[in-house]
Amino acid sequence: MMFEGETLVVGCGNILFQDDGFGPRAAQDLSEYELPPDVRVIDAGTGAPHLIFTLLDETVKKLIILDAIDWKAKPGTLRKFSVDELPKGKFVDAHNWTLSEPLHGLKDKVDIVVIGCQPARVSDPDIEISLTEEVEKAIPEAIRMVFNELGIDYELSRQSKGNIWRSAGVTN
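Presented here is an overview of the structure given in this document. Keep in mind that this is a model prediction, so the values were computed, not measured.

### Some details on the nonpolar core
Across soluble globular proteins, you tend to see nonpolar side chains buried next to one another.
(1) Moving on: Ranked by size, the top nonpolar core spans 24 residues in total, and within it Phe 22, Leu 66 and Val 146 carry the most contacts.
(2) Moving on: Those elements that provide at least two residues to this core are helix H1 (22-30), strand S3 (62-68), strand S5 (111-117) and helix H4 (133-150).
(3) Moving on: With nine residues, the top contributor of residues to this core is H4.
(4) Moving on: Counting residues in hydrophobic clusters, the runner-up holds 18 residues, among them Val 10, Ala 44, Ile 65 and Ile 112.

### Some remarks on unusual backbone geometry
(1) Moving on: Between Asp 124 and Pro 125 the backbone carries a cis peptide bond, its omega angle lying at 15°.
(2) Moving on: Checked against the element boundaries, Pro 125 lands in the loop between S5 and H4.
(3) Moving on: In this model, Gln 18 sits at a positive phi of 50°, which is unusual for a non-glycine residue.
(4) Moving on: Residue position: Gln 18 is located in the loop between strand S1 (7-12) and H1.
(5) Moving on: The backbone phi angle of Lys 72 is positive, close to 65°, even though this residue is not glycine.
(6) Moving on: For Lys 72, the location among the structural elements is in the loop between S3 and strand S4 (78-81).
(7) Moving on: Assessed through its relative accessible area of 69%, Lys 72 is described here as exposed.

### Section: the pairing of strand S2 (residues 39-45)
(1) Moving on: Here six bridges tie S1 to S2, and the two strands are oriented parallel to one another. Each residue of the ladder has a partner; that of Cys 12, found in S2, is Gly 45.
(2) Moving on: Taken together, S1, H1 and S2 form a β-α-β motif whose crossover is right-handed.

### Considering the pattern of salt bridges
One side chain can pair with another of opposite charge once the charged atoms of both are near each other.
(1) Moving on: Applying the stated criterion across every chain, the model contains 10 salt bridges.
(2) Moving on: Across the pair Asp 29 and Arg 25 runs a salt bridge, and its minimum N-O distance is 3.1 Å. Here Asp 29 and its partner Arg 25 are both found in helix H1, four residues apart, which amounts to about one turn of the helix.
(3) Moving on: Overall, the relative accessible area of 16% leaves Asp 29 in the buried class.

### With respect to the environment of Gly 76
(1) Moving on: Positionally, Gly 76 belongs in the loop between S3 and S4.
(2) Moving on: Placed 56 residues apart in sequence, Gly 76 and Thr 132 show a C-alpha to C-alpha distance of 8.7 Å.
(3) Moving on: Here Gly 76 is in contact with Cys 117, Gln 118, Glu 134, Val 135 and Ala 138, once residues within four sequence places are set aside.

### Overview of H4
(1) Moving on: Between its first and last C-alpha atoms H4 spans 27 Å; for 18 residues at 1.5 Å apiece the expected length is 26 Å, and the two agree.
(2) Moving on: The sharpest bend along H4 measures roughly 35° and falls at Ile 139, with the proline Pro 140 sitting one to four residues further on.
(3) Moving on: Positive phi shows up at Gly 151, right after H4, with a value of about 75°.

### Details of the packing of H1 against H4
(1) Moving on: Where H1 contacts H4, the two axes come as close as 10 Å, and the packing angle between them is 60°. Considered as vectors, H1 and H4 are oriented oblique to each other. Note that H1 runs across H4; the crossing there is right-handed. Here Phe 22, Arg 25, Ala 26, Asp 29 and Leu 30 of H1 come into contact with H4, specifically with Val 135, Glu 136, Ile 139, Ala 142, Ile 143, Val 146 and Phe 147.
(2) Moving on: Its residues assigned to classes, the contact of H1 with H4 comprises nine nonpolar, no polar and three charged.

About the cut-offs
- Residues numbered from 1 in each chain as written.
- Predicted model: local features only at pLDDT ≥ 70, side-chain atom pairs only at ≥ 80, totals over all residues.
- Heavy atoms only, no water.
- Core = buried A, V, L, I, M, F, W, Y, C linked by side-chain atoms within 4.5 Å.
- Buried < 20%, exposed > 50% of the residue type's maximum accessible area, 1.4 Å probe, protein only.
- Helix = DSSP H or I, 4+ residues; strand = E, 2+ residues; numbered from the N terminus.
- Pairing = 2+ DSSP bridges.
- Right-handed = clockwise from strand over helix to strand, strands pointing away.
- Salt bridge = Lys/Arg side-chain N within 4 Å of Asp/Glu carboxyl O.
- Contact = heavy atoms within 4.5 Å.
- Expected span 1.5 Å × (residues − 1).
- Bend = angle between axes of the 7 residues up to and from the residue.
- Axes fitted to C-alpha atoms, helices over the stretch in contact; angles between N-to-C directions.
- Parallel < 35°, antiparallel > 145°, perpendicular 65-115°, else oblique.
- Left-handed = near helix turned anticlockwise from the far one by under 90°.
- Nonpolar A, V, L, I, M, F, W, Y, C, P; charged D, E, K, R; others polar.

Taken by themselves, the reported measurements are silent on function.
And the structure:
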């Protein structure tokens, strides 16, 4: 299975470990919007490094990753990272799979942006299937940041209730 589309938005993380579920939750909420036909949103869960990034189709030009990243900021703080800002070989998800390695391998072929959210609490190994209040409140702004990366007016899309592409004459 190849993941194709000019732009892929990938939510990474584990929903079982509280704020580590930021990426999948943001991707889920983003998928409720009607996006341009060349944009695909994927909840990659914890399989992103192994499954998604090695199966990209040659049509992919941009990769936007949503993930919980601990950089010692205030919980719920969002930041846009480049691949080079992620510590090579040190940034791992809850299952200890290195995320930065496949990204470093792709960065010369695909435009990559990582939208990170500072977690308040990653409950691993304890299962807690909910985001903390701080991270929950960051989801709309994360979606706004994705829209900005896509060159889409977030407010216009919200006002049109997702019908912006049909009203502009764009079809899938």
